Each structure stands twice: as C-alpha cells, then as structure tokens.
Amino acid sequence: MRIDVVTIFPGYFDALELSLLGKAKSRGLIDVRVHDLRDSAHDKHRTVDDTPAGGGAGMVMKPEPWGEALDGILEDADSGAGADPVIIFPSPAGEVFNQRMARELAEEKHLVFGCGRYEGIDQRVFDEYSARGRVRLVSIGDYVLNGGEVASIAMIEAIARLLPGVVGNPESLVEESHEEDGLLEYPSYTKPANWREREVPPILLSGNHAAIAKWRREQSIERTKRVRPELLPRELDEAPRGRHAAP
Ligand code: ADE
C-alpha cells in the first residue's frame with residue numbers, strides 16, 4: 001500500500017519508523033511518503049495560512065499550497081500504480097473512524113492524508129478534490145486535537161496492521177476488541193500465577209480449552225455491557241434499553 005501524507009510537521013511521522021510499522025516499511029509492505037506543505041508555498045515566509053473570510057478568531061489554511069501539493073501526488077499516482085487514491089482529511093467535523101473503516105481502507109492501494117492545522121483548511125480544497133475523486137473527512141473521536149497529524153498516525157497504524165504480513169501472527173488480529181463479534185477483548189494474564197497476592201484466574205491454568213474459551217467470552221460480554229453497552233450485539237442484550245424495545 002502507498003501512503004502519502006501532507007503536513008507542516010513532517011517530524012511527527014518519524015514515529016512510523018518504529019516497531020511493526022517501521023519493519024513493514026523496510027520490508028516494502030507500506031510505502032510512506034511524507035510531504036512538507038511549506039514546499040508548496042512560494043512566498044518568502046512559505047505562508048500556508050491566512051485570516052478567515054468573514055472574520056473571526058484563528059487562521060485558515062490557504063488553498064493554493066494544498067492544491068499544488070495534492071496535484072503533485074495525484075499526478076505521480078497516475079503515472080505510477082494507477083490506483084485511484086482516497087484522500088483523507090482528519091477533522092473533528094468528520095465521520096468517526098472505527099475498525100470497519102480501517103478494514104475498508106486496508107483494501108485500498110493508495111491513501112493520501114491531508115493534515116490540517118489552525119481552524120482548518122479552506123473548504124474549496126475539499127470541494128475541488130471531491131469533484132475529482134474520493135475524499136473523506138474523518139474524525140478519530142469526539143475531542144479536538146491541535147491538527148491532523150496525530151489522528152493520521154492513529155489511522156495509519158490501525159489500517160497498516162491489517163495488511164497481510166504486517167502483524168506476525170494473523171490470529172492475533174481476529175481476537176482483538178472490535179473484531180469478529182464486535183465485543184471488547186477479554187482480560188489477559190501471564191506468569192507469575194501469583195503477583196502481589198493477585199492470582200491469575202484458576203480457570204486459565206486448568207488446561208480445559210473449552211472452559212477457557214467460555215470464560216473469555218463471558219468476560220468479553222460482561223466488559224462490553226459495563227463499558228460500552230452500545231456495542232453489545234442485539235442477541236446478547238438481555239435487558240433491552242429504550243431504543244431496542246419493541247414499539
Ligand atoms: N483534528 C483535530 N481534532 C481531530 C480529531 N478528533 N480527529 C481527527 N482530526 C482531528
């Protein structure tokens with residue numbers, strides 16, 4: 001998979017050199033190219049922002065540097081893999097990222113992340129590239145970050161780890177929270193069996209694989225009910241809440 005990132009802070013993406021993603025990069029499973037938006041700003045100060053039209057606080061990112069940077073990436077994509085990229089603009093105003101979206105985006109050949117800062121990017125940039133191809137405004141949660149960089153890194157990690165060969169043991173992807181049945185993951189333990197008077201649940205040391213599987217599923221259901229009841233599949237919801245009740 002090819003991933004292009006446009007940002008005024010390329011240094012954030014040094015984090016992608018670490019751990020499994022770093023290995024995936026060096027093995028050629030992901031091809032990450034980070035572009036400094038200021039290279040597409042040609043005045044003396046390499047200006048990327050300006051005051052908002054209509055007044056108000058803060059600054060808005062100017063359309064021209066974005067146009068030049070994204071055109072360059074799209075032209076390069078045309079002459080390269082021929083894939084029709086998805087451009088993702090992280091934004092607290094976007095649709096909320098989840099595991100389903102990660103799986104969907106992991107099927108793509110080419111993703112482009114456009115990291116906005118300040119009060120956002122001039123709306124005409126979204127309009128221009130939406131008219132020319134696939135654009136998604138995506139939030140990683142209901143809170144506000146200083147810009148799209150940290151959100152992009154979170155999404156890139158969630159997507160890239162689903163690519164074949166990135167995570168050593170593909171089975172570990174299946175049992176995780178939000179995969180398969182939509183339940184949260186059960187608690188995990190390792191050795192020693194007793195730590196500070198706290199025991200590993202004896203069932204996990206029983207060697208009875210069916211009983212262990214049953215216990216883990218019960219733990220998943222209990223945790224999901226307690227922490228994220230809205231995720232509980234309908235058939236497991238014994239006490240239907242208002243929205244589940246028959247009309
Ligand atoms: N930029 C600022 N806050 C964000 C969020 N919650 N998700 C994605 N991008 C953002």
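Residues numbered from 1 in each chain as written. Predicted model: local features only at pLDDT ≥ 70, side-chain atom pairs only at ≥ 80, totals over all residues.

An unreviewed UniProt entry lists the protein chain under the name tRNA (guanine-N(1)-)-methyltransferase, with Leucobacter viscericola as the source organism. Per UniProt, the comment on the protein chain under Subunit (unreviewed entry) is "Homodimer." (UniProt positions renumbered as here; feature names shortened; annotations may be inferred.)

Participant: An account of the overall build of the protein chain is needed here, citing residue identities and associated values.
Facilitator: When you go through the protein chain residue by residue, the secondary structure sums to seven helices and nine strands. The principal-axis extent of the C-alpha atoms belonging to the protein chain is close to 70 × 50 × 40 Å. Taking all 247 residues of the protein chain together, the buried fraction comes to 24%. Within the protein chain, counting contacts between residues at least 6 apart in sequence, those at least 24 apart form 73% of the total. (Helix = DSSP H or I, 4+ residues; strand = E, 2+ residues; numbered from the N terminus. Buried ≥ 20, exposed ≤ 12 C-beta atoms within 10 Å, placed from the backbone. Contact = placed C-beta atoms within 7 Å.)

Participant: Got a sec to walk through the site of the ligand? Specific residues and values, please.
Facilitator: Looking at the ligand, the residues that line it are Pro90, Ser91, Pro92, Ser139, Ile140, Gly141, Tyr143, Val144, Leu145, Gly147, Gly148 and Ala151. Of all the secondary-structure elements, those providing two or more residues to the shell around the ligand are β5 (86-96) and α5 (148-160). Broken down by element, the shell around the ligand gets its largest block of residues, three residues, from β5. Residues belonging to the shell around the ligand are distributed by class as follows: seven nonpolar, five polar and no charged. (Near = placed C-beta within 6 Å. Nonpolar A, V, L, I, M, F, W, Y, C, P; charged D, E, K, R; others polar.)

Participant: Pulling in residues and values, what's your account of the domain arrangement of the protein chain?
Facilitator: Interface extent is often summarised as the accessible area lost during association of the parts. For the protein chain, the assigned domains read domain 1 (2-170) and domain 2 (174-238). Measuring from the centre of the C-alpha atoms in domain 1 to the corresponding centre in domain 2 gives 35 Å. (Domains from an automatic or database assignment.)

Participant: Got a sec to walk through the UniProt feature "binding site: S-adenosyl-L-methionine" (unreviewed entry) in the protein chain? Specific residues and values, please.
Facilitator: Sequence positions flagged by UniProt for "binding site: S-adenosyl-L-methionine" (unreviewed entry) are, in local numbering, Gly116, Ile140, Gly141, Asp142, Tyr143, Val144 and Leu145. Within the element layout of this structure, Ile140 appears in the loop between β7 (134-139) and α5. Beyond its immediate stretch of four places on either side in the chain, Ile140 contacts Pro90, Phe97, Ala151, Ala154 and Met155. Looking at where Val144 falls in the secondary structure, it is placed in the loop between β7 and α5.

Participant: If you had to explain helix α4 (residues 123-132) to someone new, which residues and values would you point to?
Facilitator: Along α4, the residues that are buried comprise Val125, Phe126 and Tyr129. Seen end-on, α4 carries its buried residues on one side only, within an arc spanning 95°. Set apart from the buried face of α4 by more than 90 degrees, the exposed residues are Gln123, Arg124, Asp127 and Ala131. (Arc of directions from axis to C-beta.)

Participant: Before we move on, could you go through the environment of Leu37 and cite the residues and values that matter?
Facilitator: Within the secondary structure, Leu37 sits in the loop between β2 (31-36) and β3 (49-50). Sequence spacing of Leu37 and Met59 is 22 residues, and the spatial spacing of their C-alpha atoms is 16 Å. With near-sequence residues (within four places) excluded, Leu37 lies in contact with Val6, Thr7, Ile8, Val48, Pro65 and Ala69.

Participant: Lay out the pairing of strand β6 (residues 110-114) with the relevant residues and their values.
Facilitator: Of all five residues in β6, five are buried, a share of seventy percent or more. Burial along β6 is two-sided: the residues His110, Val112 and Gly114 and Leu111 and Phe113 are all buried. Looking at chain direction, β5 and β6 are connected through three bridges and run parallel. If you follow Val86 over to β6, its bridge partner there is Leu111. (Pairing = 2+ DSSP bridges.)

Participant: Give a detailed account of the sheet that holds strand β1 (residues 2-7), specifying residues and quantitative values.
Facilitator: Note on sheets: strands pair through backbone hydrogen bonds, and any given pair is parallel or antiparallel. Strand order in the open sheet formed by five strands is β2-β1-β6-β5-β7, with parallel pairing between adjacent strands. A single partner strand is all that each edge strand has here, and the edge strands are β2 and β7. For this sheet, the mean angle separating the axes of adjacent strands, direction not counted, is 30°. (Axes fitted to C-alpha atoms, helices over the stretch in contact; angles between N-to-C directions.)

Participant: Summarise the pairing of β5; cite the residues concerned and give the values.
Facilitator: Relative to β7, β5 runs parallel, the two sharing seven bridges. Pairing of Val96 across the sheet is with Ser139, part of β7.

Participant: Break down unusual backbone geometry for me, citing the residues and quoting the values.
Facilitator: Looking along the chain, the bond that leaves Lys191 and enters Pro192 is cis, with omega of 5°. Along the polypeptide, Pro192 turns up in the loop between α6 (171-174) and β8 (194-195). A positive phi angle is found at Arg196, which is not glycine, with a value near 50°. One can find Arg196 in the loop between β8 and β9 (198-199). By C-beta crowding, Arg196 is classed as exposed, having 5 other C-beta atoms within 10 Å.

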